[in-house]
Every structure is written in structure tokens, then in C-alpha cells.
Amino acid sequence: MKKKVLFITGSGHCGSTLLTLMLGSHPDCFGLGELNSLPNHYKTNIPICGVCKEKCSFWDELNPKELKLLAAVLGNSRLNKYIPLKLEKTMRKILRQDQVFNPYTYLFSLRKENVFVDASKAVEWINQRLDAQEFTSGNLESYLIHLVRDGRAVLSSYLRRFKSLTAESYAQEWREKTILKNQLYDKFPAERKMLIRYEELATAPEKILTRVCNLLGIEFTSQMIPYWQYDHHVISGNSGVRSLIWRSKQEEVEADVRKYQGEYYNNQGLKIKLDLRWKKELSEEQVAVFNDIAGDINKPYEWNQD
Ligand SMILES: [Zn+2]
């Protein structure tokens, strides 16, 4: 089977960590998580793995030279500090040296799985990756999931996390970014893409995951739903969703989870639960502001049932 990279696009807080961990629980899938944060984690010495509390059996085992190269290539930073990046990239293309280090191909060489899940989500990131030789040559196959969630729920989640944000500024940002994500999705080949609603994934995970598995040419297994029972090494992502893994192993839960989510994830227990907190958290005025700015784009994504 040809190696496949599934890119997830969508807004922040759209459920991509949940989807990545569920897919990553399949024996033939490995969840990379938000690979676009790897360069920054590397530079600032933040642990790359967002799950392992101690030494990570995957990311911390990478050859230091190769990890450095991986961070440089993914971070679009120079490999040679004396040559400007733009020139270096042109030269690498002319000399076909971008064949020398292909990030996903390299990572596949270290794993037994045939499918990677990249939850970076940003349109620019996905376009840059698809432009690389490993995809344009057809060596790797790309897939795209547009994961959508009712924008009002996303707004509520952002306001909870970022206290200085206003409904107006976020609605504007959500609108602009969602339009770009829709464009990316529209131009992607039909046979390799799928639109998923977070609310359906959370309420009917077996049905939705079966559809994703069919897209990827792998078989659905029920182990994908209780994702907290399996090993994961995702980069970044929602700490509340990751906290189920720590709790199932009786490990300490990151302070972040309580700070931003209160007791929500603690009370959830070890199960998947549709998060509709926005219905209680957003004021009527905030909903009105959001609808004014982004209501038209959000219409197909509205989830009005409980
Ligand atoms: Zn790890």
C-alpha cells in the first residue's frame, strides 16, 4: 500500500485532536498531531510529544542530526546560515536537493504504519507540504479532511481560552479563515477528501470513522473510539482531549486543563462527549454579533440539536 498522509483542515478548537487520536488508535495509522509546531518546539526546547510525560519513545529517539534537519525543513529555515533562504530554496529545487530530505518520507521510514495524520490545519502549511517533491512525484498520497464545527461553539471555546478576545474580532477571523479552508477543500481531488462535522464525530463516532477508514482504504476497528487506551505521540493539540489518556494511565493532568476548562474534562469520565458548552456560555449579544459577521458562512455548519 502506498504511504498516505491525511491532512486535517478546519478552525482551531474544531475537534481535530479528537479525530487525530481516534485515527491514531488504528494499528495502521500514526497521529503526528500539529506537525507545524515541531520547528518551534525544537527551537524553544519544549518537548515535541504532547502525550509522553517522561522521555518520548518516538520523538526523543530521533537521530539528533535528522531531527535538526526535520525542524529546519518544516520550519522553512535555512540549512546554511550564510545563504538567504529564498536563494537556498531555489538552488535546492534546481539541484533537486529537495529530494534529499523529505519530511514525511523520513518519518515513514521510522514507523510501521502506512497512514499519517497531520492536524496542522493551516491552509498555507498544507499547500507548502503538497508542493514538496515527495507529494508532487506521487511517492506519497495526500488526503484531506475538512473538519467543521458550529462556529458559535468555536467562538465560545476561543473566548474561554483567550480572555482579551472579543466576539467581533474572532467572528471576523473565523469568517476569513473558513473561506480559505473552503477554497482549499473545493479544489482538492474529490476521491481523496471528505467533510466531517465535529458534532457527528462526537455523537456517532463509529459511523463517521467508518467513512474515514473507507476513504483511506483501511478497515474500521472499534478500538479507535476509546483512544485513551492506546499509545500516542501527537504534537500539541487540545489538552482536554489529551487529558483522557493521562487520566486512564493515572498520570498527572496538565495544569492547563483545569485553568481553562475547570472541571469539564474531569467530570467527563473516560468517554466521548459532544461539547455544547457554548449554548450556556455565549450571551445573546455575542451570538448576535457572530451571526451578523459570519452567520452566512456558518449556516451549513449550525448544530441546533442537543
Ligand atoms: Zn511520546
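See the structure above.
Residues numbered from 1 in each chain as written. Predicted model: local features only at pLDDT ≥ 70, side-chain atom pairs only at ≥ 80, totals over all residues. Heavy atoms only, no water.

1. A few points about the packing of helix α8 (residues 151-161) against helix α16 (residues 284-298)
To be explicit about the condition: Only C-alpha atoms enter the line fits that serve as axes; for helices the fit covers just the stretch in contact. Angles between N-to-C directions range over 0 to 180 degrees. Think of it this way: any DSSP run of H or I at least four residues long counts as a helix, any run of E at least two long counts as a strand, and we number them from the N terminus. Roughly parallel covers angles under 35 degrees, roughly antiparallel covers those over 145, roughly perpendicular covers 65 to 115, and oblique covers all other angles. For any pair of crossing helices, the crossing counts as left-handed if the nearer helix is rotated counterclockwise from the farther one by less than a right angle, and right-handed if it is rotated clockwise. The contact criterion used throughout is that any non-hydrogen atoms of two residues lie within 4.5 Å.
Remark: α8 packs on α16, axes separated minimally by 10 Å, with the N-to-C direction vectors making an angle of 135 degrees. Considering their axes alone, α8 and α16 lie oblique with respect to each other. Crossing angle aside, the handedness with which α8 passes α16 is right-handed. Facing Gly151, Arg152, Leu155 and Leu159 of α8, the residues of α16 in contact are Gln286, Val287, Phe290, Asn291 and Asn298.

2. Quick notes on the packing of helix α9 (residues 167-187) against α16
To be explicit about the condition: Residues are sorted three ways: Asp, Glu, Lys and Arg are charged, Ala, Val, Leu, Ile, Met, Phe, Trp, Tyr, Cys and Pro are nonpolar, and all the rest, Gly among them, are polar.
With their axes 9 Å apart at the nearest point, α9 and α16 run at an angle of 10 degrees to one another. Between α9 and α16, the angle is such that the two are roughly parallel. When you trace α9 past α16, the crossing you get is right-handed. Contacts between α9 and α16 involve Ala167, Glu168, Ala171, Gln172, Trp174, Arg175, Thr178, Ile179 and Asn182 on the former and, on the latter, Gln286, Val289, Phe290, Ile293, Ala294, Asp296, Ile297 and Asn298. Classifying every residue of the contact of α9 with α16 gives nine nonpolar, five polar and three charged.

3. Some points on the pattern of salt bridges
How we decide: Note on definitions: salt bridges are taken to be side-chain nitrogens of Lys or Arg within 4 Å of carboxyl oxygens of Asp or Glu. A 1.4 Å probe rolled over the protein chains alone gives each residue an accessible area, and that area as a share of the maximum for its type sets the label: buried under 20%, exposed over 50%, partly exposed in between.
Under the definition given, this model contains 15 salt bridges. In this structure, arginine 149 and aspartate 275 form a salt bridge, with 3.7 Å as the shortest nitrogen-oxygen distance. Here arginine 149 is found in the loop between β4 (141-148) and α8, whereas its partner aspartate 275 is found in the loop between α14 (264-268) and α15 (278-281), with 126 residues between them in sequence. Each member of the pair, arginine 149 as well as aspartate 275, carries the same accessibility label: buried. Measuring nitrogen to oxygen at the nearest pair gives 3.1 Å for the salt bridge that ties glutamate 173 to lysine 177. You can see glutamate 173 and its partner lysine 177 sitting in helix α9, four residues apart, about one turn around the helix. Given a relative accessible area of 31%, glutamate 173 falls into the partly exposed group. By relative accessible area, lysine 177 is classed as partly exposed at 43%. Where salt bridges share partners, they join Arg111, Lys112 and Glu113 into one cluster.

4. What to know about the pairing of strand β3 (residues 115-121)
Side chains on a regular strand alternate between the two faces of the sheet. Put simply, the rule is: At least two DSSP bridges between two strands are needed for those strands to be called paired.
Counting buried positions along β3 yields seven of seven residues, so the element is predominantly enclosed. Side chains Val115, Val117, Ala119 and Lys121 project from β3 onto one buried face, and the interleaved Phe116, Asp118 and Ser120 project onto a second face that is buried too. In terms of strand pairing, strand β1 (residues 4-9) meets β3 through five bridges, oriented parallel. Within β3, the residue paired with valine 5 across the bridge is phenylalanine 116. Bridge count for strand β2 (residues 29-33) against β3 is four bridges, and the pairing is parallel.

5. Description of the pairing of β4
In terms of residue burial, β4 counts as a mostly covered element, since seven of its eight residues are buried. Alignment of β1 against β4, held across six bridges, turns out to be parallel. If you follow isoleucine 8 over to β4, its bridge partner there is isoleucine 145. As judged from the five bridges shared by β4 and strand β5 (residues 193-197), these two strands associate in the parallel manner. What sits directly across from histidine 146, in β5, is leucine 195.

6. Quick notes on the coordination of the zinc ion
Stated formally: Metal sites are built from N, O and S donor atoms within 2.8 Å, or 3.2 Å for Na, K and Ca, and they leave out water, so they may look incomplete. Each label reflects the angles at the metal, where four donors whose angles all fall between 85 and 135 degrees are tetrahedral, four or six donors whose opposite pairs open beyond 155 degrees and whose other angles stay between 65 and 115 are square planar or octahedral respectively, and the rest are irregular.
Protein coordination at the zinc ion: the donors are Cys49 (SG), Cys52 (SG), Cys56 (SG) and His233 (ND1), at 2.1 to 2.3 Å from the metal. If you look at the zinc ion, its four donor atoms make angles of 96 to 122 degrees with each other, and the shape they trace is tetrahedral. The sequence motif formed by the donor residues of the zinc ion is C-x2-C-x3-C-x176-H. Here the residue cysteine 49 occupies a position in the loop between α2 (38-44) and α3 (64-74), and histidine 233 occupies one in the loop between α11 (205-216) and α12 (239-248), the gap between them amounting to 184 residues. Exposure remark for cysteine 49: the relative accessible area of 8% places this residue in the buried category.

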